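# Structural characterization, general
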Amino acid sequence: MGMLERRLLVSLGMLLLPVLCFTRTSKVSGDAGSDAQSTLPHFLMEPEDAYIIKSNPVKLKCRAVPALQIFFKCNGEWVHQNQHSSQEYLDESTGQRVREVVINVTRQQVEDFHGPEDYWCLCVAWSHLGTSKSRKATVRIAYLRKNFEQDPQGKEVPIKGMIVLHCRPPEGVPLAEVEWLKNEELVSSLTDDNIDTRADHNLIINEARLSDSGNYTCLASNIVAKRRSATATVVVFVNGGWSLWTEWSPCNVNCGRGIQKRTRTCTNPAPLNGGSFCEGMSVQKITCNALCPVDGGWDEWADWSTCSVQCERQRARECTAPAPRHRGKTCEGESQATENCTGGLCTENGKLLHDVKPQSMEGTNDVALYSGLAAGVIAVAVLVVAVTLYRKNQSEYGVDVIDSSALTGGFQSFNFKTTRQGNPLLLNSSMQPDLTVGQTYSSPICFQDSIDKELFDPLPDIKVKVQSSFMVSLGVADRAEYHVKAHPETFPRGLDRDCHTMDSRKKNLTLLSQSAALTTGKLPPRTTGVFGHLGGRLVVPNTGVSLLVSHGSIAEDTSWEMYMVINQKEPSVRAAEGYEILLAPEVTYGPPGLDLSFPVAMTIAHCAEVNAANWNIQLKRQAKDNKWEEVMSVEDESTSCYCLMEANCCHVLLDQPGSYALVGEALNEEAVKRMKLAVFGSVEPNSTDYSLRVYCVDDTPYAFQGVVTTETSKGGQLLEEPKILLFKGNTLSLQVSIQDLPQFLWNIKPFTTCQEFSFSQVWCSNQQPLHCAFLLERYSSATTQLSCKISVRQVKGHEQILQVYTSVAESEKQTVPYFMQADCTVTSHTGAKAFKIPLSIRQRICATFDTANAKGKDWQLLAQQLHIERNLSYFAKQRSPSAVILSLWEAQNQDNGDLDSLASALEEIGKINSKHQLKSPEEPRQDYNQ
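Residues numbered from 1 in each chain as written. Predicted model: local features only at pLDDT ≥ 70, side-chain atom pairs only at ≥ 80, totals over all residues. Heavy atoms only, no water.

### Concerning the overall build of the protein
From N to C terminus, the protein includes 14 helices and 53 strands. Taken over 930 residues, the protein has a buried fraction of 42%. A separation threshold of at least 6 residues defines the contact pool for the protein, and within that pool the share at least 24 residues apart is 69%. With an accessible surface of roughly 51100 Å², the protein has 51% of that area assigned to carbon and sulfur atoms. (Helix = DSSP H or I, 4+ residues; strand = E, 2+ residues; numbered from the N terminus. Buried < 20%, exposed > 50% of the residue type's maximum accessible area, 1.4 Å probe, protein only. Contact = heavy atoms within 4.5 Å. Areas by Shrake-Rupley, 256 points an atom, 1.4 Å probe, with all protein chains shown as cover.)

### Comments concerning the pattern of salt bridges
Close approach of charged atoms allows side chains of opposite charge to pair. Per the stated rule, a full pass over the model turns up 20 salt bridges. Residue Asp698 is joined to Lys673 by a salt bridge in which the shortest nitrogen-to-oxygen separation is 3.1 Å. Here Asp698, found in strand β44 (residues 690-698), pairs with Lys673, found in strand β43 (residues 672-683); they are 25 residues apart in sequence, far enough to count as distant. With a shortest N-O distance of 2.9 Å, Asp699 and Arg674 are connected by a salt bridge. Highlighted residues: Asp699 in the loop between β44 and α8 (701-714) and Arg674 in strand β43, separated in sequence by 25 residues. We note that Asp699, like Arg674, is buried. Sharing partners across several salt bridges, the network here consists of Glu609, Arg674, Lys676 and Asp699. (Salt bridge = Lys/Arg side-chain N within 4 Å of Asp/Glu carboxyl O.)

### As for α8
Look at α8: 20 Å from first C-alpha to last across 14 residues, which is about the 20 Å you get at 1.5 Å a residue. Each element contacted by the buried residues of α8 is listed here: β34 (560-566), β43 and β44. (Expected span 1.5 Å × (residues − 1).)

### Examining the pairing of strand β19 (residues 214-221)
Counting buried residues along β19, seven of its eight residues qualify, which places the element largely inside the surrounding structure. In the sheet, strand β15 (residues 177-182) pairs with β19 via six bridges, with the strands oriented antiparallel. Bridging from a neighbouring strand, Leu181 pairs with Thr217 of β19. Alignment of β19 against strand β21 (residues 232-237), held across three bridges, turns out to be antiparallel. By the bridge assignment, Tyr216 is partnered in β21 with Ala232. From the end of β19 to the start of strand β20 (residues 226-228), which pair antiparallel, there are four residues. (Pairing = 2+ DSSP bridges.)

### Here's the deal with the sheet that holds strand β51 (residues 785-794)
Reading across the sheet, the four strands line up as β49-β47-β51-β52 and stay open at both edges, with antiparallel pairing between neighbours. Where the open sheet ends on each side, the last strands, each with one partner, are β49 (754-757) and β52 (799-807). In this sheet, neighbouring strand axes are inclined to one another by 20 degrees on average, regardless of whether the strands run parallel or antiparallel. Sheet topology note: the β51/β52 ladder contains nine bridges and is antiparallel. Counterpart to Lys789 in the pairing with β52 is Gln803. (Axes fitted to C-alpha atoms, helices over the stretch in contact; angles between N-to-C directions.)

### Examining the state of the cysteines
One covalent bond between the sulfur atoms of two cysteine residues makes up a disulfide. Within the structure shown, the criterion is met by eight disulfides. A disulfide bridge connects Cys307 with Cys341, and the sulfur atoms are separated by 1.7 Å. On the sign convention where negative means left-handed, the S-S torsion of about 45 degrees between Cys307 and Cys341 marks this disulfide as right-handed. Remark: Cys341 occurs in the loop between β25 (336-340) and β26 (347-348) and Cys307 occurs in the loop between β23 (283-290) and β24 (312-316); sequence separation between them is 34 residues. (Disulfide = S-S within 2.5 Å.)

### Digging into the packing of helix α10 (residues 839-849) against helix α13 (residues 881-892)
What describes two packed helices is the angle between their axes and the distance between those same axes. At their nearest, the axes of α10 and α13 sit 8 Å apart, and the two run at 135 degrees to each other. Regarding the angle of α10 to α13, the classification is oblique. Note that α10 runs across α13; the crossing there is right-handed. Residues Arg842, Ile845, Cys846 and Phe849 of α10 touch α13, and the partners they reach there are Ser882, Ala883, Leu886 and Ser887. Classifying every residue of the contact of α10 with α13 by side-chain character gives five nonpolar, two polar and one charged. (Parallel < 35°, antiparallel > 145°, perpendicular 65-115°, else oblique. Left-handed = near helix turned anticlockwise from the far one by under 90°. Nonpolar A, V, L, I, M, F, W, Y, C, P; charged D, E, K, R; others polar.)

Here is the structure:
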């Protein structure tokens, strides 16, 4: 029997099978007959189009009701019953019996089929009323070719021009979907209205921007595979444009024929990324004729006027012969003249002088003599009374704290006499430091090592000349010349860290422990110290963060181990609506439960250009549930906290230990945040390439220390002094570009000539450094010099130029100079060394000004003279307002150690007091002590 006969018999058997089945089922009980309603079969599920992936078969499924039988028919032929998988179940919602049939279609079956159309299958369902057919479902083998029919091509387009990148994906089943990548990041038209990716798989950029420069790739994919096209390089260039002409310059000569000129620059915009330079002249010149100056000349005198009752006559002249013109000089001399018109004999009471009797003249002289003597006696009496009152007033204070000698003698810096040899750590060790009496001595708050400490500490057995009666009156010195012994550092042993109190014998000792070096960058910067009744200072090196514990804050016979930590993780401060940014590092001090009599003074460097009209700056504290709560706004009045904002740092008086952060909210687009810019360079390992790295970081010492740490590990060189960029809150981005690179010596890697940071990246950097890199390739290994400019500018904002001129030879590499202070270890001071004001003078000042005085000489006047004029109610709540005011002054002047401001304040108070004694009644003044 041939193949054709067998296929005919199979087809005949399939046709008879439904009839036989129907006959068999009709003999079943009446229940089965009742299931088949008097309708044709209805398909609940029809076969769907399917794709065979690799060698995996696909399943085609049919479901119908009511149906006695369901069979598949593929490519016009019935599928054998053995290849069907069927099941039947009762639909409880309708009470009908549902039949479902499934078959598998293999890859071999599809490949063996050769017909005019794709491989297809449909379902045929039978009931006692007839048959129903489903839709045709095609089965195709899925694939995706490797080669694109059209790859995108690179382009160079001018800024604001249109960019069209064509892409025709490889042939495939099903059709491939196309996506675009820019520098390996997905490009979406949903997030950028300037981009359209919907037109025939092409990428269209309506108006090219500098940020659109990059490497573009067409990505095609279907259910089988993904394919990448060749990379298309797009460069957006800017043709140079002329700025407006300047005003014409003045004529270059004062008299006669000369030249005027005006200029313009190719900066509107400047050419970028290979854009053409401006065509035309940058300077225009024209001739000018300057009128020669004519000096003025006097006209003839006018006639004398008639003689007046004062026995005088006048005459005048004018500067009109000629009048001064064209920058000529005016006439010299007087324009009016006056003389006596009686020949020297003037009148008295209408009579000529020679007619007055001599006796009258003698009487007049006597009266003048007696009046002068009386005035002299009165002046002497007033002077005596004033001196007496002044001395009486000074005696009320016990000592002359108002006398300027208190600070020019008692606080006077020392003239060191030493024969010590030059120290190698100095820039010029042969030069002796000029520490004369006329200068102010500032004790360093951070030493690199014991050598530096020895260099800066006062030498043992120094002779100090003090010529001040004020120091003697305080009991500090009883001779005009005495010796001072340097205080050695002491380090206690066996300290129990679980106990905050220590024996009274150790109350003045300081425990120093640096928990982590800043150069590692792994652990947060931390410093600790043990403080007693004398107080002290904690400093986190190179971060602009310090903590001052004033004298008397800790009770006698008690010591506390205190610490200060800077959070180096991702900032935990989060604004409720995302408008606030971190202006300074998050700082934590402790321990919890710290009990102090006076608030501590914490100093934190910040990066805001402080202006109340542009910023809302707040101090926040982390609560127990790790949420941040507002402590105060720096412009508000508060009795629980005091905040003093300066240009570069913030001084905060705090009562409670914990974590604090300074956050700011921009009120308008004029709010400015200071960013520090720095450029570093290094030769790439195993290559002749040279890498320039430009950093943009918040202008705080802590933030810049992160850059120092990074560049230390890379062996980078600082190529230019860091500069400050004023970044406005106007939502415009920051652009970094390289300019004036010698094209015949160096080649820059594509698409890095101009790079851009979004506004949010810069504005919300939160003390984390941003950086971009320019990779430069030398055409010849003989090239050893590199010169170029790095332009960093905010769009429609401030611009800074970093000038790079360096040697790239390995033999000439030098250490980065600012790494010198990266390893400070002494971070704590205790007792007198931590303060600028001697303890005895501090106590006298507090005793004088804390006591309310009827004449107004109290702590309020001291605060006013030290320019602390707001939130005075905070100081009124303190046990010693003057002590807290002096602690704030110490925090403000910890770096410069300048005592002139305090001396001037006390001297001014003395002047005010002396003037006050002559006033009556006393002017009323607000009292914050109530």
